[in-house]
Amino acid sequence: MKHLHIALWGVLPYLVLVLFLAGSAWRYQYDKFGITTRSSQLHESRLLRVASPMFHIGLLLVIGGHVIGLIIPESLTEELRVPESAYRANALLVGGLAGTAAVAGLSILIWRRMTTRAVRESSTRSDRALYPVLITVLVAGLIATLAGSASGDYDYRLGVSIWFRSLFELDPNVDAMRDAPLVFQVHTLTGMALFALWPFSRLVHAFAAPVGYLVRPYVVYRSRRPTAPRALEGPDRA
């Protein structure tokens with residue numbers, strides 16, 4: 001079992017990182033115009049208008065919660081005098097609502113894809129592989145958030161977070177992840193599977209976010225009113 005834990009928590013994360021970076025670079029080099037959401041709005045829009053914002057907003061909040069929970073050590077929140085009860089309550093409320101929204105939105109999107117023929121026929125192999133992994137990641141994360149924050153039996157900041165930060169030090173703390181509850185391990189493993197699939201699925205469209213839109217110059221439009229042409233400037237003629 002020791003070798004298995006080393007393979008899962010000490011070697012696999014780096015293999016996934018290499019695959020993620022190499023796959024993203026390959027996709028950008030050889031399939032630049034394929035980096036798209038493959039929108040199916042023309043086939044069905046009623047459910048999409050509800051589910052898509054719910055899923056994306058919930059997912060963004062979930063990612064933000066992971067950044068705070070995994071990167072910021074518990075010692076920092078103690079120095080800022082943030083009570084443990086307040087931290088857990090915030091994780092339970094915000095994390096629970098965000099996770100529920102993401103799971104609900106994704107469930108509607110999957111239902112839409114299964115029940116709408118045109119959308120179902122437009123699905124690719126990567127979609128069929130992606131959706132089970134994505135729903136497992138979200139459900140396991142939601143269970144871990146609700147169970148961990150409500151009971152207080154396990155503090156992931158003293159286990160999973162330490163393992164995660166140790167990866168950047170190139171000295172993985174395998175024991176910290178080995179002792180984590182099963183739901184956290186499942187969430188982590190499926191999360192790594194998701195990142196391995198990322199470059200080869202529609203998730204890669206996240207790299208094509210229109211960030212330049214925020215700093216773009218103003219677009220000047222012509223008026224619809226007909227205007228008389230200006231007289232040419234020059235010396236008057238007798």
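Rules used in this analysis
- Residues numbered from 1 in each chain as written.
- Predicted model: local features only at pLDDT ≥ 70, side-chain atom pairs only at ≥ 80, totals over all residues.
- Heavy atoms only, no water.
- Helix = DSSP H or I, 4+ residues; strand = E, 2+ residues; numbered from the N terminus.
- Buried < 20%, exposed > 50% of the residue type's maximum accessible area, 1.4 Å probe, protein only.
- Contact = heavy atoms within 4.5 Å.
- Areas by Shrake-Rupley, 256 points an atom, 1.4 Å probe, with all protein chains shown as cover.
- Axes fitted to C-alpha atoms, helices over the stretch in contact; angles between N-to-C directions.
- Parallel < 35°, antiparallel > 145°, perpendicular 65-115°, else oblique.
- Left-handed = near helix turned anticlockwise from the far one by under 90°.
- Nonpolar A, V, L, I, M, F, W, Y, C, P; charged D, E, K, R; others polar.
- Patch = residues over 30% accessible without salt bridge, like charges linked within 9 Å, V, L, I, M, F, W, Y side chains within 5 Å.
- Salt bridge = Lys/Arg side-chain N within 4 Å of Asp/Glu carboxyl O.
- Phe/Tyr/Trp six-rings, centres within 6.5 Å; stacked < 30°, edge-to-face > 60°.
- Lys NZ or Arg CZ within 6 Å of the ring centre and 35° of its normal.
- Core = buried A, V, L, I, M, F, W, Y, C linked by side-chain atoms within 4.5 Å.

### Re the overall build of the protein
- Within the protein, the regular secondary structure consists of nine helices and zero strands.
- Taking all 238 residues of the protein together, the buried fraction comes to 34%.
- In the protein, 81% of the contacts between residues at least 6 apart in sequence involve partners at least 24 apart.
- Surface exposure of the protein reaches about 16,300 Å², of which carbon and sulfur atoms provide 66%.

### Quick word on the environment of L15
- Mapped onto the secondary structure, L15 falls in helix α1 (residues 2-30).
- The class of L15 is exposed, set by a relative accessible area of 53%.
- Sequence separation between L15 and A196 is 181 residues, and the spatial gap between their C-alpha atoms is 8.8 Å.

### Considerations on the packing of α1 against helix α7 (residues 160-168)
- With their axes 11 Å apart at the nearest point, α1 and α7 run at an angle of 55° to one another. One way to sum up the angle between α1 and α7 is to call them oblique. Crossing handedness for the pair α1 and α7: right-handed. Facing W9, P13 and Y14 of α1, the residues of α7 in contact are W163, S166 and L167.
- Partitioning the contact of α1 with α7 into residue classes produces five nonpolar, one polar and no charged.

### Remarks on unusual backbone geometry
- Phi at R81 takes a positive value of approximately 60°, unusual for a residue other than glycine.
- Along the chain, R81 falls in the loop between α3 (74-79) and α4 (84-115).
- Its identity is not glycine, yet L170 carries a phi of approximately 60°, on the positive side.

### Some words on the side chain of D127
- Mapped onto the elements of the fold, D127 is located in helix α6 (residues 125-151).
- Each residue touching D127, except ones within four places of it in the same chain, is listed here: R113, S122, P132 and R202.

### Observations regarding a nonpolar patch on the surface
- Where nonpolar side chains cluster on the molecular surface, the patch consists of L19, W26, Y30 and F200 and spans about 460 Å² of accessible area.
- Along the chain, the position of Y30 falls in helix α1.

### A few points about the packing of aromatic side chains
- Enumeration according to the criterion identifies seven aromatic pairs in this entry.
- Here W9 and W163 contribute two aromatic rings whose centre-to-centre distance is 5.9 Å and whose plane-to-plane angle is 85°, an arrangement assigned as edge-to-face. Highlighted residues: W9 in helix α1 and W163 in helix α7, separated in sequence by 154 residues.
- Ring geometry for F195 versus W198: centroids 5.5 Å apart, planes at 10°, classification stacked.
- Judged by its relative accessible area of 40%, F195 falls in the partly exposed class.
- The positively charged end of R157 is found above the aromatic ring belonging to Y87, 3.7 Å away from the centroid.

### Re the nonpolar core
- Formed by 19 residues in total, the largest nonpolar core has its most connected members in F55, L106, L109, L134, L138, L194 and L203.
- Of all the secondary structure elements, the ones that give two or more residues to this core are α2 (46-71), α4 and α6.
- Take this core: its biggest share by element is seven residues, from α6.
- Residues in contact with L106, not counting those within four places in the same chain, are F55, Y131, L134, I135 and L138.
- Core analysis: the next-biggest nonpolar cluster, separate from the first, contains 15 residues, A144, V160, L167 and F184 among them.

### Points about the pattern of salt bridges
- Counting across every chain of the model gives five salt bridges.
- Of the charged contacts, one joins R157 and E74 as a salt bridge, the two residues approaching to 3.5 Å between their closest N and O atoms. Linking R157 in the loop between α6 and α7 with E74 in helix α3, this pair joins segments that are 83 residues apart in sequence.
- Given the relative accessible area of 2%, R157 is considered buried.
- Relative accessible area serves as the criterion here: at 14%, E74 is assigned to the buried category.
- Of the charged contacts, one joins D175 and R178 as a salt bridge, the two residues approaching to 3.3 Å between their closest N and O atoms. Taken together, the positions of D175 and R178, both in helix α8 (residues 174-178) and three residues apart, correspond to about one turn of that helix.

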